[in-house]
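So you can see what is in the structure, the chains are spelled out below.
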10 protein chains.
Amino acid sequence: MLKGIPAILSPELLKVLCEMGHSDRLVISDGNFPAESMGKDAIVIRCDGHGVPEILDAILQVFPLDTYVDHPVNLMEVMPGDTVETPIWDTYKDIIKKNDSRGAAAVGNIERFAFYDEARTAYAIVATGEKALYANIMLQKGVI
Amino acid sequence: MLKGIPAILSPELLKVLCEMGHSDRLVISDGNFPAESMGKDAIVIRCDGHGVPEILDAILQVFPLDTYVDHPVNLMEVMPGDTVETPIWDTYKDIIKKNDSRGAAAVGNIERFAFYDEARTAYAIVATGEKALYANIMLQKGVI
Amino acid sequence: MLKGIPAILSPELLKVLCEMGHSDRLVISDGNFPAESMGKDAIVIRCDGHGVPEILDAILQVFPLDTYVDHPVNLMEVMPGDTVETPIWDTYKDIIKKNDSRGAAAVGNIERFAFYDEARTAYAIVATGEKALYANIMLQKGVI
Amino acid sequence: MLKGIPAILSPELLKVLCEMGHSDRLVISDGNFPAESMGKDAIVIRCDGHGVPEILDAILQVFPLDTYVDHPVNLMEVMPGDTVETPIWDTYKDIIKKNDSRGAAAVGNIERFAFYDEARTAYAIVATGEKALYANIMLQKGVI
Amino acid sequence: MLKGIPAILSPELLKVLCEMGHSDRLVISDGNFPAESMGKDAIVIRCDGHGVPEILDAILQVFPLDTYVDHPVNLMEVMPGDTVETPIWDTYKDIIKKNDSRGAAAVGNIERFAFYDEARTAYAIVATGEKALYANIMLQKGVI
Amino acid sequence: MLKGIPAILSPELLKVLCEMGHSDRLVISDGNFPAESMGKDAIVIRCDGHGVPEILDAILQVFPLDTYVDHPVNLMEVMPGDTVETPIWDTYKDIIKKNDSRGAAAVGNIERFAFYDEARTAYAIVATGEKALYANIMLQKGVI
Amino acid sequence: MLKGIPAILSPELLKVLCEMGHSDRLVISDGNFPAESMGKDAIVIRCDGHGVPEILDAILQVFPLDTYVDHPVNLMEVMPGDTVETPIWDTYKDIIKKNDSRGAAAVGNIERFAFYDEARTAYAIVATGEKALYANIMLQKGVI
Amino acid sequence: MLKGIPAILSPELLKVLCEMGHSDRLVISDGNFPAESMGKDAIVIRCDGHGVPEILDAILQVFPLDTYVDHPVNLMEVMPGDTVETPIWDTYKDIIKKNDSRGAAAVGNIERFAFYDEARTAYAIVATGEKALYANIMLQKGVI
Amino acid sequence: MLKGIPAILSPELLKVLCEMGHSDRLVISDGNFPAESMGKDAIVIRCDGHGVPEILDAILQVFPLDTYVDHPVNLMEVMPGDTVETPIWDTYKDIIKKNDSRGAAAVGNIERFAFYDEARTAYAIVATGEKALYANIMLQKGVI
Amino acid sequence: MLKGIPAILSPELLKVLCEMGHSDRLVISDGNFPAESMGKDAIVIRCDGHGVPEILDAILQVFPLDTYVDHPVNLMEVMPGDTVETPIWDTYKDIIKKNDSRGAAAVGNIERFAFYDEARTAYAIVATGEKALYANIMLQKGVI
């Protein structure tokens, strides 16, 4: 643990966030996401037992979102015909607003299988134990 | 994640708990414990951001305590002259009682530096982010 | 060994089952399956000396089958013209019924070479010593 | 699997048995033996889900016992005061008799903690899931 | 060394033969074959100083040939125009006859460059010091 | 680079500082210190081209000094008879004062060869290119 | 550190510069460049906390620029429509002039995404903490 | 060092020459050749400080040239328009003549970029410090 | 294989013989010697299926025996009371005589357990399949 | 190769010389020195085919000798009774004089077995092919 840095960020996660550069992407996945197989070419960091919101909140305290693109944050679109509710998205947007002035405007959607393709080329995947549905979220790093 | 197994137990932690045998010891350490240096000859598993109680509770659901010794659980004794309170010990004893009929009677104390020596020879150290003082706890595995 | 978890599941197998996510596939292969060459990009876990049924039964106690697809379980189709009997398939269906309400309806078939292609991209292959013919089986993980 | 070699012997176990030489020792441990910690300097081969007898029987079909010592096989002595029965020892002696003309005469006992010390310097430990008590057994390799 | 297993089979070779499955291929190469470069994606086992016949004979005592194909054994065809004699092929056929009832009928030929292509995808290459010409041989494993 | 964290801290250094616990020691060495040989059992992080002051200043922004000991900071004592001046020590004390209320009182001295012995058991050594003499400094981590 | 070699060149950077040959390319990247992901097939050397000019100046004291091409040095072109100033380019040209008689004439430009493609195939990437915009620079090694 | 083997051949180079087979290629490169990047998929052996002739002479004492091709030795063709002299080629031919009765007739030329492509698929690259121009040479191994 | 070097010497064995220096010791062990456990700190090279004489003969063609000691070759003394014959020793002496003018005078004996202690500190152990008794032999390298 | 740095220094040797610090020791050994066994805990760099003088001369151009000790250079003393001449020592002293004003006065002697003990704790050993007797030399690094 370090002064002024959220304790939920493990030493390895901190290292990975720090070594990422402009436009590198990070996936924070829910508990059922196939993080290890999607992340075969990425760095997979396990955060079992944590929800996405507390991890997202901690990461955004140190990790700048890309200001060169419209949607540095992306969610996995609900499949057509699926009537599931996604209240966790509001939580995400509140957290983003605390750390980026664009707030919800910075958040886009990616169709499910396109999301998977993007995830396969992400720099790192943070595997949480989040139980909410459609809770995966992808962040693109900005400049300092 | 698996059916019937607490989601807070990471795949690697589950593996380590499973491969331990009778009389092997496991330390669940608080956030300031020097887990990496104490655990140079052990397996260190990071659980940053979690407290000891939720980890302890999950572990004891699958991990039997040794019934061949009086104190399969040990806490780090308060240093002579130190007036600190250790309310978390009561939490630990409640959790133990749920999983082992001996309850608090199964819990012993080890003097601080002797505790360190024992920790250096433990099979594994689970490094949590627990903020309470004197919160380190050592478990000795029993038979199935 | 752990409380409440089948002892036949090795520590490493438990870890692999746990780290798999939604839609990842696992092959339980018979004793003549070329598990090491098929599994060059997968994790191969040896269970020499065991049959498929006891491994399957243990795995399904902790491993949920995918409910988003019709056939989360797949067998290798008998080659056209081959008159071999496959009584072990009934055993498999009985085991599945114990753990998944869909029972035999959850089981599909894949043509032999298509099965091989799927096996090459599976997350893991469990190599048993099963002696029955056409005894390979592929499982797709569901959500918790 | 190979012709004429028991299928329960995994490829790695076969390799280890083959590369051992005169006087090297092998432990076949029960399911609660702390095989991984005892075997830190040894090769540990997991045979989860198997009992000791079937492993012992298979090993002795290819592995010669040392004829230069009186007791190439050693069991862990029952602790003084312990009234446990050890019927599995008779099973072991029957298996040995099938493969070595000395039969039960080739079997000695080692006091529990001396057994542990010997185990720490063994060449390999085969970790079974055997549930019987006092079921650990140590074999010393002979010449071909 | 082990009882009943040819001493010329090294521990590692024994392991590799054992872990191969139905239809996996093994090349036993002569002393000038570029085993290391052909075998970049394979397991290369050195048997310097041995001829192919003694290795082949030992392997076939434990290794079943594939009975689902006509030619589980293949030799490298003599190049058109080359008048070299290949008496070692007769030796091979005699050895095969001892272990497989099909005898010479189980042996096919592959054109030289096609043989190289097959060798590149073999599971393992056993590099002998055989001095005879056109002495490379490829075996396909059968079922037990 | 990350928001609010000095850019001079490399990803790996940040990880190391974060994973250290209460009482672990860190050496920031000058450019002539034999960091690699002293640090054979430690983690050595190269910061070639930097002076100690800028590294020390950045580290102390996130790294708490131990408050349970009198001298969580130690310098290498000038050898008896050596008349060298050590103005960089004043710089160090100013930097410490900015981050720890004890200021210069937190700084002790260790005789040269005792300093070397301590360095050999440190958790990590940060190798700078500092050119000042007697510029090595050892920090002991406190609690968060 | 060594006599006559700039102290800012770490041992590993010195090794990499030395082992590069004619026409190999080296990127010195600014603090926001995604060095780790761009450099997955390259050697990435971290120089956190340093600017590009001091690294460039040190490298060019030992590293010859290619004289067989017109532009052994390349900068990342400003994106069309971007009005950013790039005063650091003048600094670069001054440094180059000190070490190569061609001076600014040796410097070319590469369109941004072409620059990224080239970076992915570079031999090494030196990741600095440079804060200036459009500060990435690519060097092609000449002959000695 | 060994009896009767040139002392300039390092243990690793000797191993590599020995494990090469018929038709494998070896590059002996000059001091400016980008051996490490060209040899990413090859074995690179450094012989810094040596010229090509002494290495070539030593290698040919133990390494047979391929007699099945016209040009088992190949040089990098001078670029059209380049008027450079290549006196070192005569030295090479004299050395070859000492060890292969074909002498200069065994030597061919490959256009520069074709030579690079061949080098990328060579089995090994020996990186010398040779200062002569157009001094790279490629050898194809023959049979013993 | 290489010109003028016995083909029985594998590439790795050749490398090891070459990298050994004055006074380093090499054990050529028989088929029952516990080479892997004795050689835990050494390099173990397997020569399964070969006898000691052919390996010894090949090694001595390139490996000089130490001329600074009386007995650069040592055999394992017959245990007191053991009436075994050791005709292979004569074979060894004949081979030595071919390569070292001292012949049998260069051969000493070491008591069995002292031999084991020496073997544990040897540079390398060559594990043959030699079936003769008391056939282990230790060589000490001389200067070139 | 790099500008102004002797080409005989390999990339790895340059790295090692650079990462050494004040008082670290380097052995340049002759061709018969058991560099690999003496250097089990050190870094061994092979310079086969080179003599000690050219390596020493190149190293001293970048490597400062320790000025805090009387004899930063040490030779292996001639054994009592040995009448060998050591003319190479004069060559060494001439080379040292070119790079260190103390010249021959900086050179001491160490008794043979004490020299071996020192060599075992050196930071690195450079293994040359030097043929002169008593040609080993040990250097202690000074400050920059």
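Please refer to the structure placed before this passage.
Since we're looking at a predicted model, the values are computed, not measured.

### Some points on the relation of the copies chain A and chain F
Next, step 1: Superposition of chain A onto chain F requires a rotation of 180° combined with a translation of 0.0 Å along the rotation axis, giving an RMSD of 0.0 Å. Put plainly, the chains are arranged around a two-fold axis. For chain A, the smallest separation between a C-alpha atom and the rotation axis is recorded for Lys-15 of chain A, amounting to 2.7 Å.
Next, step 2: When the interface residues of chain A are mapped onto chain F, 95% of them again lie at the interface, so the same face is used by both copies.

### Quick word on the side chain of Arg-25 of chain A
Residues and elements named next belong to chain A.
Next, step 1: Note that Arg-25 resides in strand 1 (residues 25-29).
Next, step 2: Judged by relative accessible area, which is 17%, Arg-25 ranks as buried.
Next, step 3: Within polar-contact distance, the side chain of Arg-25 engages the backbone oxygen of Glu-118 at 3.0 Å.
Next, step 4: Within polar-contact distance, the side chain of Arg-25 engages the side chain of Thr-121 at 3.1 Å.
Next, step 5: Not counting the four nearest positions on each side in its chain, Arg-25 is found in contact with Met-20, Glu-118, Thr-121, Ala-122, Tyr-123, Ala-124, Met-138, Leu-139 and Gln-140.

### A word on the nonpolar core
Next, step 1: Of all hydrophobic cores here, the largest spans 104 residues; its most connected members are Leu-9, Ile-28 and Leu-139 of chain A together with Leu-9, Ile-28 and Leu-139 of chain F.
Next, step 2: By residue number, the principal contributor to this core is helix 3 (residues 52-62) of chain A, which donates seven residues.
Next, step 3: If we ignore the near neighbours within four places in the chain, the residues touching Ile-28 of chain F are Val-52, Ile-55, Leu-56, Ile-59, Val-126, Thr-128, Ala-135, Asn-136, Ile-137 and Leu-139 of chain F.

### A few points about the pattern of salt bridges
Next, step 1: In total, this model carries 70 salt bridges over all chains according to the counting rule given.
Next, step 2: For the salt bridge of Lys-15 of chain A with Glu-19 of chain A, the shortest nitrogen-to-oxygen distance reads 3.1 Å. Here the residue Lys-15 of chain A and the residue Glu-19 of chain A both occupy positions in helix 1 (residues 11-19), the gap between them amounting to four residues, near one helical turn.
Next, step 3: You can call Lys-15 of chain A partly exposed: its relative accessible area is 22%.
Next, step 4: Across the salt bridge formed by Arg-25 of chain B and Glu-118 of chain B, the nearest N and O atoms sit 3.3 Å from each other. With Arg-25 of chain B in strand 1 (residues 25-29) and Glu-118 of chain B in helix 5 (residues 112-120), the pair connects residues that are 93 residues apart, well separated along the chain.
Next, step 5: You can call Glu-118 of chain B partly exposed: its relative accessible area is 31%.

### Some thoughts on the interface of chain J and chain H
Next, step 1: In this assembly, 13 residues from chain J lie in contact with 13 residues from chain H.
Next, step 2: Together, the buried faces of chain J and chain H total about 1,100 Å²; carbon and sulfur atoms form 60% of this surface.
Next, step 3: When the area that chain J buries against chain H is broken down by residue, the three leading residues are Met-1, Asp-48 and His-50 of chain J, summing to 44%.
Next, step 4: The interface formed by chain J and chain H holds zero salt bridges in total.

### Brief notes about the sheet that holds strand 3 (residues 73-76) of chain B
All names here are of chain B.
Next, step 1: Across the sheet, which stays open at both edges, the six strands sit in the order 2-5-1-6-3-4 with mixed pairing between neighbours. For this open sheet the edge positions go to strand 2 (43-47) and strand 4 (107-110), each flanked by a neighbour on one side alone. Recorded for the sheet is a direction-independent mean angle of 25° between the axes of neighbouring strands.
Next, step 2: Relative to strand 6 (residues 137-140), strand 1 runs antiparallel, the two sharing four bridges. Pairing of Arg-25 across the sheet is with Gln-140, part of strand 6.
Next, step 3: Against the sheet, helix 5 touches strand 1, strand 3, strand 4, strand 5 (124-128) and strand 6, its axis set at about 130° to strand 3.

About the cut-offs
Per chain, residue numbering runs from 1 following the sequence as it is written. Labels follow written order: the first chain is A, the first ligand is 1, and so on. Local features in a predicted model are, by the rule used here, given only for residues with pLDDT of at least 70; side-chain atom pairs are given and counted only at 80 or more, and totals for whole chains, interfaces and linings are based on all residues. For the side-chain quantities, the full set of heavy atoms in the structure was used; hydrogens and water were omitted. Overlaid copies result from least-squares superposition on C-alpha atoms, with residues included only where pLDDT is at least 70 in both. By definition, residues are in contact when any of their heavy atoms lie within 4.5 Å. Strands are runs of DSSP state E lasting at least 2 residues, helices are runs of H or I lasting at least 4, and numbering of each runs from the N terminus. Buried residues are those whose accessible area, probed at 1.4 Å on protein chains only, stays under 20% of the maximum for their type, while exposed residues exceed 50% and partly exposed ones sit between those limits. Under this definition, polar contacts are N or O atom pairs within 3.5 Å; protein pairs additionally need one hydrogen-donor-capable and one acceptor-capable atom, and for neighbouring residues in sequence, both atoms have to be side-chain atoms. Take the buried residues of types Ala, Val, Leu, Ile, Met, Phe, Trp, Tyr and Cys, join any two whose side-chain atoms come within 4.5 Å, and each joined set is a nonpolar core. For this analysis, a salt bridge means a side-chain nitrogen from Lys or Arg found within 4 Å of a carboxyl oxygen belonging to Asp or Glu. Buried surface area refers to the total accessible area, computed with a probe of radius 1.4 Å, that the two partners give up upon joining, counted for both partners together. Pairing between strands is defined by DSSP: at least two bridges between them are needed. Between N-to-C directions, angles span 0 to 180 degrees; the directions come from axes that are lines fitted to C-alpha atoms, helices contributing only their stretch in contact.

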